[in-house]
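Understanding the architecture of this molecule
Listed here are the chains, written in short residue letters.
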Amino acid sequence: MTTDAPRSELLRLINGFQASQAIHVAAAFGLADLLKNGPRSAANLAESTKTHPVALYRLMRALASLGVFEEDDGGRFSMVGEFLRTDVAGTHAPMAQFVGRPNVWQTWGHLLFAVRTGAVAFDHLHGDGVWTYRARHPEEGNIFDRVMTAGTERFAEAVMDVCDFGRFRHIVDVGGGDGIFLAKILASNFETRGTLFDQPHVVWRDAMRLRFPEFADRYESIGGNFFTSVPAGADAYLLKWILHDWDDAASIEILRSCRRAMKPTSRLLVVEHVIGPPNSAPEGKFMDLTMMLMNGGRERTREEFATLFAEAGFRLTCATPTATTISLLQGTLDGV
Ligand code: SAH
């Protein structure tokens, strides 16, 4: 018996961009938040969002066919699931916003260029690296930071399930963004102090102190450049979604900054996707394409992490999978 399933599946994948863009537009208009208190018609939502009622109806009808919304017999829509809402922990709303921003969407539109040349598409398009671009365009920087916070909110718990952070008196979160990971660690480890280290314009917003004032006496934030130095003398140096932003040479420099700051007993804690075996684990492999296009970075295999650690003077002691798609890699200073 022949089946058309592989052919249909291929077409579904080919048209994947349509679903991404449609969900992006739903998120850009905040439809999920507007549906929080019950079903509404597209015409009614169009008034709240100042959009075209018929066009909005057609968008929502298409998304309901994919199970994002549900349309009832009276043409009213409700939300399926809550993760497009902005007010739930681990929300996907920032990601849905982010992927359709022209700076991201156009960069993915240059995948062909990137594969042909090996150059970083974002830099080619914007004449700047992502970090300079985001610093110059605070709106884009804020959206990116919200994506990180939402993602980390989801992953932090899973990492804490496989690592006892309470054994560290002082943790530096290197490139910690808005500080959500540190906040989670401090919330369940009462003896631990945390230092958030990130670029000055990120730290300056002080998002964590605003959101979690209860940690004021166990928390400080320091702005700087992790290629130059990071705060010295902590028991653990946490790097989540840092090394994947950079090529090997830059990653080794960041690790060496950590090494210089460490005590002999300090631990390195790296949280990243670990590239899985062939024909599986698409999350890390597509994140890898994002890194290739946006940053010139990469996701790595366990062996590649071991080499990177060794070149920066660390020994990779373990790579522990979590209940999510990311892993915790631990390192000690080599020769200690
Ligand atoms: N660790 C956070 C954020 C990861 S995004 C999380 O997982 O949620 C990468 C972070 O690196 C951003 O917050 C960015 O501002 C920071 N960063 C980039 N270049 C930096 C530099 N040269 N020095 C310090 N931080 C930097």
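Here we look at the pattern of salt bridges
Tallied over the entire structure, the rule returns 15 salt bridges. Of the charged contacts in the structure, one is a salt bridge between Arg-85 and Asp-87, with a shortest N-O distance of 2.9 Å. The residue Arg-300 makes a salt bridge to Asp-248 at a minimum N-O spacing of 2.9 Å. Note that Arg-300 is positioned in the loop between helix H16 (282–294) and helix H17 (302–311) and Asp-248 in helix H15 (residues 248–261), a separation of 52 residues in sequence. Look at Arg-300 and you get buried, because its relative accessible area is 1%. Assessed through its relative accessible area of 38%, Asp-248 is described here as partly exposed. Through salt bridges that share partners, Lys-36, Arg-85 and Asp-87 make up one connected network.

Thoughts on the domain arrangement of the protein chain
Domain boundaries in the protein chain define domain 1 (5–96) and domain 2 (137–333). Every contact between the two is made by six residues of domain 1 and, on the other side, six residues of domain 2. Taking both sides of the interface into account, the surface hidden between domain 1 and domain 2 amounts to around 450 Å²; carbon and sulfur atoms contribute 73%. Counting the surface domain 1 buries against domain 2, the share from its top three residues, Gly-90, Pro-94 and Met-95, is 69%. Seen at the junction of domain 1 and domain 2, the total is zero salt bridges. Counting the contacts that link domain 1 with domain 2 gives zero residue pairs in polar contact (both at pLDDT 80 or more). By residue class, the composition of the side of domain 1 that touches domain 2 is three nonpolar, three polar and no charged.

Quick look at the packing of helix H11 (residues 138–162) against helix H12 (residues 180–188)
At a closest axis distance of 8 Å, the pairing of H11 and H12 adopts a crossing angle of 35°. Here H11 runs over H12; the crossing is right-handed. Across from Thr-149, Thr-152, Glu-153, Ala-156, Glu-157, Val-159 and Met-160 in H11, the residues of H12 making contact are Ile-180, Phe-181, Lys-184, Ile-185 and Ser-188. Taken together, the residues of the contact of H11 with H12 break down into six nonpolar, three polar and three charged.

Points about the site of the ligand
Taken together, 19 residues sit near the ligand, with Thr-152, Gly-175, Asp-198, Asn-225 and Lys-240 positioned nearest. Within the side chain of Asp-198, an N or O atom sits 2.6 Å from an oxygen atom of the ligand. The separation between a nitrogen atom of the ligand and a polar side-chain atom of Asn-225 is 2.9 Å. In isolation the ligand has 570 Å² of accessible area, and contact with the protein removes 96% of it. The pocket occupied by the ligand, as judged from atoms lying within 2 Å of grid points, is the second largest pocket. For the shell around the ligand, the element with the highest residue contribution is H11, accounting for three residues. The residue inventory of the shell around the ligand, partitioned by class, reads nine nonpolar, seven polar and three charged.

Reading the values: the criteria
- Residues numbered from 1 in each chain as written.
- Predicted model: local features only at pLDDT ≥ 70, side-chain atom pairs only at ≥ 80, totals over all residues.
- Heavy atoms only, no water.
- Salt bridge = Lys/Arg side-chain N within 4 Å of Asp/Glu carboxyl O.
- Helix = DSSP H or I, 4+ residues; strand = E, 2+ residues; numbered from the N terminus.
- Buried < 20%, exposed > 50% of the residue type's maximum accessible area, 1.4 Å probe, protein only.
- Domains from an automatic or database assignment.
- Contact = heavy atoms within 4.5 Å.
- Buried area = accessible area lost by both parts, 1.4 Å probe.
- Polar contact = N/O pair within 3.5 Å; in protein donor to acceptor, adjacent residues only side chain to side chain.
- Nonpolar A, V, L, I, M, F, W, Y, C, P; charged D, E, K, R; others polar.
- Axes fitted to C-alpha atoms, helices over the stretch in contact; angles between N-to-C directions.
- Left-handed = near helix turned anticlockwise from the far one by under 90°.
- Near = heavy atom within 4 Å.
- Areas by Shrake-Rupley, 256 points an atom, 1.4 Å probe, with all protein chains shown as cover.
- 1 Å grid on protein atoms, 1.4 Å probe; cavity = no way out; pocket = protein on both sides within 12 Å on 5 of 7 lines; lining within 4 Å.
- Sits in = over half its atoms within 2 Å of the grid points.

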